[in-house]
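Coordinate analysis (summary)
Letter by letter, the chains look like this.
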Amino acid sequence: MEIVDLRSDTVTKPSKEMKEFMINAPVGDDVFEEDPTINELEAYAAKIFGKEAGLYCSSGTQTNQIAINVYCRPGDEVICDKDAHIYMYEGGGIAKNSGASVRLLEGDRGRITAQQVKSAIMDPSNVHYPLTSLVALEDTMNRGGGAIYSIDEIKRIQTLCKNERLPLHLDGARVFNSLVETKVDYVEYGNLFNSISICLSKGLGAPVGSVLIGSKEFIKKARRVRKVFGGGMRQAGIIAAGGLFALKNNIDRLKIDHERAIAIESAFKNCSWVENVLETQTNIIVANLNNGKSVEEVLSQLEKNQILAMPFGGNMIRMVTHLDNTPEQIQHVINTIQSI
Ligand SMILES: *Cc1c(COP(=O)(O)O)cnc(C)c1O
């Protein structure tokens, strides 16, 4: 059996069809805004969520960090969950790139509430406090094991942000994993946020890139920041085409990844060495081990059977299903977990 790599949904390789589409994509100089494929991708991504404009970037870290830089001045504060990707996994970029600080909230599997946000917003008339200038959510929530946000809670947060004149940004690296499950209308969802970062290289299976979407005015500012961050690319339509192909072909099939993740979750639940599994809502499975076996032991047993998973801090192991998995691979993973 070939290696079954479940460390992340970023490990997918472009399919034959995707590669063909990429080879044939028309290209131009994107810094001059003359790459037809990138222009199409940006417009297409924006339109899905009813936004005016988009910006193709090299990574989800870049789209998030650009958005933060547009909204925040040095000394300002960003409100997010303590495990948010923008804080935990972007190398301290909020401070380093934008000189901003963070107000970290303890959400339920990374999902913060309007009530929590409300009590974290600083009074702008009091000169002692940092200025709150951004609220950022993540859906689905990676550290929360792919947890889906409730649309009603997002609506409450949006109403609050509107009243407080605060922008609301979404780290939507896996937003389609959320929306194929909740079936919330994409435009209705998009309207709740000032900006959204969408990853093309996660579950959608493109090799490179993310798109930041928002108003024309916002994207104009974001384009300037992208250039300053060294993110202006030239004939990048050749890689952007993979993203365009992914948006057109790979959204609905995410459901399959979710069904497979639930099958793996069930296998973990039957193991004596598993304390509990975070309820699997999308394509991420997080198993919390008990004293029966160590994380290292389980990972090495999996590896002996050609299966790769990720240590996820503490006693946790993470697996992520993705479009390069086959039914045989998933069965092999289930059998192996049961045999440990
Ligand atoms: C993967 C990911 C990103 C972006 O990661 P890059 O590797 O920089 O593309 C952002 N947010 C979340 C929640 C992610 O999982």
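Residues numbered from 1 in each chain as written. Predicted model: local features only at pLDDT ≥ 70, side-chain atom pairs only at ≥ 80, totals over all residues. Heavy atoms only, no water.

**A closer look at the overall build of the protein**
Within the protein, the secondary structure is distributed over 14 helices and 13 strands. Rg of the C-alpha trace for the protein: 20 Å, near the compact-globule value of 20 Å for 340 residues, within the 12% margin. Across the 340 residues in the protein, those meeting the buried criterion constitute 57%. Counting contacts in the protein only where the partners sit at least 6 residues apart, residues at least 24 apart contribute 74% of the total. Total accessible area computed for the protein in this model is approximately 14600 Å², and 50% of it derives from carbon and sulfur atoms. (Helix = DSSP H or I, 4+ residues; strand = E, 2+ residues; numbered from the N terminus. Rg over C-alpha atoms; globule rule 2.2 N^0.38 Å. Buried < 20%, exposed > 50% of the residue type's maximum accessible area, 1.4 Å probe, protein only. Contact = heavy atoms within 4.5 Å. Areas by Shrake-Rupley, 256 points an atom, 1.4 Å probe, with all protein chains shown as cover.)

**Observations concerning the pairing of strand S10 (residues 284-289)**
With respect to burial, S10 is a largely interior element, 5 of its 6 residues being buried. Pairing of strand S9 (residues 274-277) with S10, which is carried by 3 bridges, proceeds in the antiparallel orientation. Counterpart to Asn276 in the pairing with S10 is Asn288. Following S9, the chain reverses through 6 residues before pairing antiparallel with S10. (Pairing = 2+ DSSP bridges.)

**Some points on the sheet that holds strand S3 (residues 77-81)**
The strand order across the open sheet built from 7 strands is S2-S8-S7-S6-S5-S3-S4, with neighbouring strands paired in mixed fashion. At either margin of the open sheet sits one strand with a lone partner, and together these are strand S2 (53-57) and strand S4 (101-105). Between one strand axis and the next, the sheet turns through 20° on average, direction left out of account. Bridge analysis of strand S5 (residues 132-138) against strand S6 (residues 168-172) gives 4 bridges, and the strand direction is parallel. Counted as the bridge partner of Val135 is Leu168 from S6. Contacts between helix H10 (residues 216-228) and the sheet are confined to S2, strand S7 (195-199) and strand S8 (210-214), with S2 contributing the most and set at about 20° to the helix. (Axes fitted to C-alpha atoms, helices over the stretch in contact; angles between N-to-C directions.)

**Quick word on unusual backbone geometry**
Asp139 connects to Thr140 through a cis peptide bond whose omega is -5°. Residue placement: Thr140 occurs in the loop between S5 and helix H7 (151-163). Of note in the backbone geometry, Arg165 takes a positive phi value of approximately 55° without being a glycine. Relative to the helices and strands, Arg165 is located in the loop between H7 and S6. Phi is positive for Lys183, which is not a glycine, with a value near 60°. Structurally, Lys183 can be placed in the loop between helix H8 (175-182) and helix H9 (186-190).

**Section: the side chain of Asn283**
Residue placement: Asn283 occurs in the loop between S9 and S10. A polar contact is formed between the side chain of Asn283 and the side chain of Asp9, at a distance of 3.0 Å. Once you skip the residues sitting within four places of it in the chain, Asn283 turns out to touch Asp9, Arg174, Asn177, Asp257, His258, Ala261, Met319, Val320 and Thr321. (Polar contact = N/O pair within 3.5 Å; in protein donor to acceptor, adjacent residues only side chain to side chain.)

**Some remarks on the site of the ligand**
Every residue near the ligand is listed here: Ser59, Gly60, Thr61, Asn64, His85, Glu90, Glu138, Asp171, Ala173, Arg174, Cys199 and Lys202. Measuring from a nitrogen atom of the ligand, one finds a side-chain N or O atom of His85 at 3.4 Å. Between Arg174 and the ligand, the recorded distance is 3.0 Å, taken from a side-chain N or O atom to an oxygen atom. Relative to its unbound accessible area of 390 Å², the ligand is 84% covered by the protein chains. Of the residues forming the shell around the ligand, the biggest block, 3 residues, is contributed by helix H3 (residues 60-71). Its residues placed into classes, the shell around the ligand shows 2 nonpolar, 5 polar and 5 charged. (Near = heavy atom within 4 Å. Nonpolar A, V, L, I, M, F, W, Y, C, P; charged D, E, K, R; others polar.)

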